[in-house]
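If you want the building blocks of each chain, they are given just below.
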Protein chains: 2
Amino acid sequence: MPPQSTGLQLRSTVKAEGVLELSLARVPIPDPQPDEVLIRVDASPVNPSDLGLMFGGADLSTAKVSGTPDDPVVTANVPPVVMKTMAGRVGQSLPVGNEGAGVVIRTGSSDQARTLMGKTVAILGGAMYAQFRCINASQCLVLPPGTTPAEGASCFVNPLTALGMVETMRLEGHSALVHTAAASNLGQMLNKLCLADRIGLVNIVRKPQHMDLLKAIGAQHVVSSSAQTFLDDLKEALVATGATLAFDAIGGGKLASQILSSMEAAAARSGGEYSRYGSTTHKQVYIYGGLDRGPTELNRNFGMAWGIGGWLLTAFLKKIGPQAAQKLRERVAAEVKTTFASHYTKEVSLAEALRLEEIAIYGQISTGQKYLINPNKGLAT
Amino acid sequence: MPPQSTGLQLRSTVKAEGVLELSLARVPIPDPQPDEVLIRVDASPVNPSDLGLMFGGADLSTAKVSGTPDDPVVTANVPPVVMKTMAGRVGQSLPVGNEGAGVVIRTGSSDQARTLMGKTVAILGGAMYAQFRCINASQCLVLPPGTTPAEGASCFVNPLTALGMVETMRLEGHSALVHTAAASNLGQMLNKLCLADRIGLVNIVRKPQHMDLLKAIGAQHVVSSSAQTFLDDLKEALVATGATLAFDAIGGGKLASQILSSMEAAAARSGGEYSRYGSTTHKQVYIYGGLDRGPTELNRNFGMAWGIGGWLLTAFLKKIGPQAAQKLRERVAAEVKTTFASHYTKEVSLAEALRLEEIAIYGQISTGQKYLINPNKGLAT
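So, a few notes on the structure that sits alongside this text.

## What about the overall build of chain A?
- When its secondary structure is counted, chain A shows 13 helices and 20 strands.
- In terms of C-alpha radius of gyration, chain A reaches 22 Å, essentially the compact-globule figure of 21 Å for 381 residues.
- With the principal axes as the frame, chain A shows a C-alpha extent of 75 × 50 × 35 Å.
- Across the 381 residues that make up chain A, the buried fraction comes to 53%.
- Only carbon and sulfur atoms are counted for the fraction: they give 52% of the accessible area of chain A, which is about 16200 Å².
- Positive and negative side-chain charges in chain A, numbering 34 and 31 respectively, have mean positions lying 2 Å apart.

Right under this line is the structure:
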């Protein structure tokens, strides 16, 4: 039972006047319902997928901090063009933080809840940048004995995304994958997974130095989109792997179109009768991120058997159903220290996460920097 | 049994030096194999989908004719940029004409073939711009008694495309449709089909005068993409119909993106909790034509539940399997004089089809002109 009745929770508000406000709200600690458990959150990562909700598209170069070091308030301007897309959240004080891990310190009366008492669990529940999180027991992933919250903090977003990509490949009848922005934490994890499962993976990176990073962890096919030989390199890797499915984190520009064209060129290598509708090999790109928010330009020189679409982890998990999703989660727990291990460059408290010098680092998505928030760091529990 | 041993067949060749050549080849009339029938082709339409194979991307303003009126040869230049996409067909003399109808004049020895003797049948077999076509009996669609070849000539491409759009809608869980370039022959047929089956249909036309054309045949939702109020009009029609699936004949430009954005805006009308990933309503655009060969530009302001892809009739029919495809064909035959009736502005012989003044008309895809080729017109049979 927590020795206190309230806890801190990081909140993000986009105000109608075009200002983002980040602050630490002091909120009551709820009593768990019969099926619920109360978790002391000890570790929650800052994922790229958290930044959109947290910063609301604000121009971080305008960020200012007020308040006290323990109770800071960060404000920043949201550009008018971005405000148009924020209509759905204006004025709402939203909690942040998709996933994390901690210890169950109180439970509801149900058997399922009570068995979790004292266990270290990981959850994907939102509102994780908070000292305490009350959640249904069924949403808890029990970590293997000896796993720390920091080790289990990133059990969902990246591991399930990597597994979801591989499962999507199998469900849709492809046999190998392409991944862009491949040097990211997720990209590195996907390499480990594909190596473990013997799946062909074509890694597309934007900077030549990232090629070495991936090759060092065993990646076999790494091509750089900044190389003059990019399209030839890509085609060779596609021929070698037979990949006809790509997951693209970039979204904007011509990359998705280039991938489809290269897949079509690789398919055409196999020959066959001329058809002005192109090959019958279905080529698919899923856009799951938006590192480039600009328009996607498709040059449609890849026949008629193609598709592009959005891919969202939560939608994928809903589609495969709770049992299949649970199997994926159990694999993550079993391999959390190996295939799905995450590494962080810094651990910060909630208040430290609102320092401008920290925001300047974790607020931009850059390969090689990954923050872990420990919401109870420095606070009496 | 035909009184002659050879017949004329229209051929298209793209030569390595960048020249398209159209001519009438005199080819032997084959003896039907046991399962085959020989058809005297009396009617074959010029569909937009025939033009690509026939003209090979040639610049028709450079077209010249040589030879004799009965044995003409048309040549035209293929621009170098187009030649790059023609590698698969260079030097091959290709027959043309996707579909048509005629009378079975000779059969193989099998029971299935022999029952077709003397029947008027429609086929989708390619090589239909020819006096005679030998084909497997199973590919023949027997037309109801009293149907002329001209009435049955367009039983496949447009009717099955319209039915395929509606079936795709049902298979993928949508309840209404959007169609672009909606004043086309296909678009008019789709309106008749959707009215008959009580399916909501949003028609997008490019010219205001086409709104009246569609409204005259009973279309309820017609919006013009050239109107200043286009996006508002489209959204209202999407709200009214609930359409979340579009078939786009244009392909290039921003239209597909605008359709997805408008679908998302219509979905957002229903309210619900804010999600920065947009609505969970899946929005889909299939590009089935390429009236605008330019790039497709997607602005990705429509959440994550979206898809765009190519849609090709032959791939769709293969996907649903032969039994389901046969049901669609039987419906076409039953309604060939009503829902699936086609109208032609001119009937020409094979030789007339190679006159420059006719090519100038049917060679460009324009709403309101549709040619029917009668390969035996003026020839002794």
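## Overview of the pairing of strand β3 (residues 36–45) of chain A
All names here are of chain A.
- Within β3, eight of the 10 residues are buried, leaving the element largely enclosed by the surrounding structure.
- With five bridges joining them, β3 and strand β9 (residues 132–136) adopt antiparallel strand pairing. For Arg40, the partnering residue across the bridge sits in β9 and is Phe132.
- Across six bridges, β3 lies against strand β7 (residues 99–107) in antiparallel orientation.

## A closer look at the sheet that holds strand β13 (residues 221–224) of chain B
- Strand order in the open sheet formed by 12 strands is β13(A)-β12(A)-β11(A)-β14(A)-β16(A)-β18(A)-β18(B)-β16(B)-β14(B)-β11(B)-β12(B)-β13(B), with mixed pairing between adjacent strands. Every other strand in the sheet has two partners, leaving β13 (221–224) of chain A together with β13 of chain B as the edge strands with one partner each. Ignoring strand direction, the axes of neighbouring strands in this sheet form an average angle of 15°.
- Pairing geometry for strand β11 (residues 176–180) of chain A and strand β14 (residues 245–248) of chain A, over three bridges, is parallel. Residue pairing for β14(A): A:His179 is matched across the bridge by A:Phe247.
- In the packing of helix α7 (residues 209–216) of chain B onto the sheet, contacts are made with β12 (200–205) and β13 of chain B, and the angle to β13(B) comes to roughly 170°.

## Let's talk about the interface of chain A and chain B
- Contact with chain A, which involves 35 residues of that partner, is made by 34 residues of chain B.
- Interface area for chain A against chain B, summed over the two sides, is near 2600 Å², with a carbon-plus-sulfur share of 59%.
- Viewed at the interface, chain B and chain A are joined by zero salt bridges.
- Where chain A packs against chain B, one counts 12 residue pairs in polar contact (both at pLDDT 80 or more).
- When contributions to the side of chain A that touches chain B are tallied by element, the ones reaching two or more residues are α1 (48–55), β15 (251–253), β17 (292–298) and β18 (306–310) of chain A.
- Here the side of chain A that touches chain B takes seven residues from β17(A), the largest share from any one element.
- Where β17(A) meets strand β17 (residues 292–298) of chain B, three bridges bridge the pair, whose relative direction is antiparallel. The residue bridging A:Glu297 from the neighbouring strand is B:Glu297, located in β17(B).

## Topic: the environment of A:Thr68
- Relative to the helices and strands, A:Thr68 resides in the loop between β4 (59–67) and β5 (72–77).
- On the basis of relative accessible area, A:Thr68 is assigned to the partly exposed category, the value being 42%.

## Concerning the packing of helix α5 (residues 157–171) of chain B against helix α10 (residues 313–320) of chain B
Residues and elements named next belong to chain B.
- At a minimum axis distance of 10 Å, the contact between α5 and α10 shows a crossing angle of 55°. It follows that α5 is oblique to α10 by the angle criterion. Considering how the two elements wind past one another, α5 and α10 form a crossing that is left-handed. Contact with α5, carried on its side by Val157, Leu160, Thr161, Gly164, Glu167, Thr168 and Leu171, involves Leu313, Phe316, Leu317 and Ile320 of α10 and no other residues of that element.
- Among the residues forming the contact of α5 with α10, the class breakdown is seven nonpolar, three polar and one charged.

## As for the sheet that holds strand β6 (residues 94–95) of chain A
Residues and elements named next belong to chain A.
- An order of β4-β5-β2-β1-β6 is seen for the five strands of this open sheet, with the pairing classed as antiparallel. With partners counted over all chains shown, the strands left at the sheet margins are β4 and β6, one partner each.
- Contacts from α1 reach β1 (6–15), β2 (19–28), β4 and β6 within the one sheet, and its direction differs from that of β2 by about 100°.

## Quick word on the relation of the copies chain A and chain B
- Note on the copies: chain A fits chain B at an RMSD of 0.1 Å, the axial shift is 0.0 Å, and the rotation between them is 180°. When the rotation and shift are considered jointly, the pair of chain copies conforms to a two-fold rotation axis.
- Taken together, the interface assignments show that 97% of the residues at the interface of chain A recur at the interface of chain B, consistent with an identical surface on both copies.

Criteria and cut-off values
- Residues numbered from 1 in each chain as written.
- Chains lettered and ligands numbered in written order.
- Predicted model: local features only at pLDDT ≥ 70, side-chain atom pairs only at ≥ 80, totals over all residues.
- Heavy atoms only, no water.
- Helix = DSSP H or I, 4+ residues; strand = E, 2+ residues; numbered from the N terminus.
- Rg over C-alpha atoms; globule rule 2.2 N^0.38 Å.
- Buried < 20%, exposed > 50% of the residue type's maximum accessible area, 1.4 Å probe, protein only.
- Areas by Shrake-Rupley, 256 points an atom, 1.4 Å probe, with all protein chains shown as cover.
- Lys, Arg positive; Asp, Glu negative; His and termini not counted.
- Charge placed at Lys NZ, Arg CZ, Asp CG, Glu CD.
- Pairing = 2+ DSSP bridges.
- Axes fitted to C-alpha atoms, helices over the stretch in contact; angles between N-to-C directions.
- Contact = heavy atoms within 4.5 Å.
- Buried area = accessible area lost by both parts, 1.4 Å probe.
- Salt bridge = Lys/Arg side-chain N within 4 Å of Asp/Glu carboxyl O.
- Polar contact = N/O pair within 3.5 Å; in protein donor to acceptor, adjacent residues only side chain to side chain.
- Parallel < 35°, antiparallel > 145°, perpendicular 65-115°, else oblique.
- Left-handed = near helix turned anticlockwise from the far one by under 90°.
- Nonpolar A, V, L, I, M, F, W, Y, C, P; charged D, E, K, R; others polar.
- Least-squares fit on C-alpha atoms with pLDDT ≥ 70 in both.

Function cannot be inferred from these measures alone, as they are strictly geometric.
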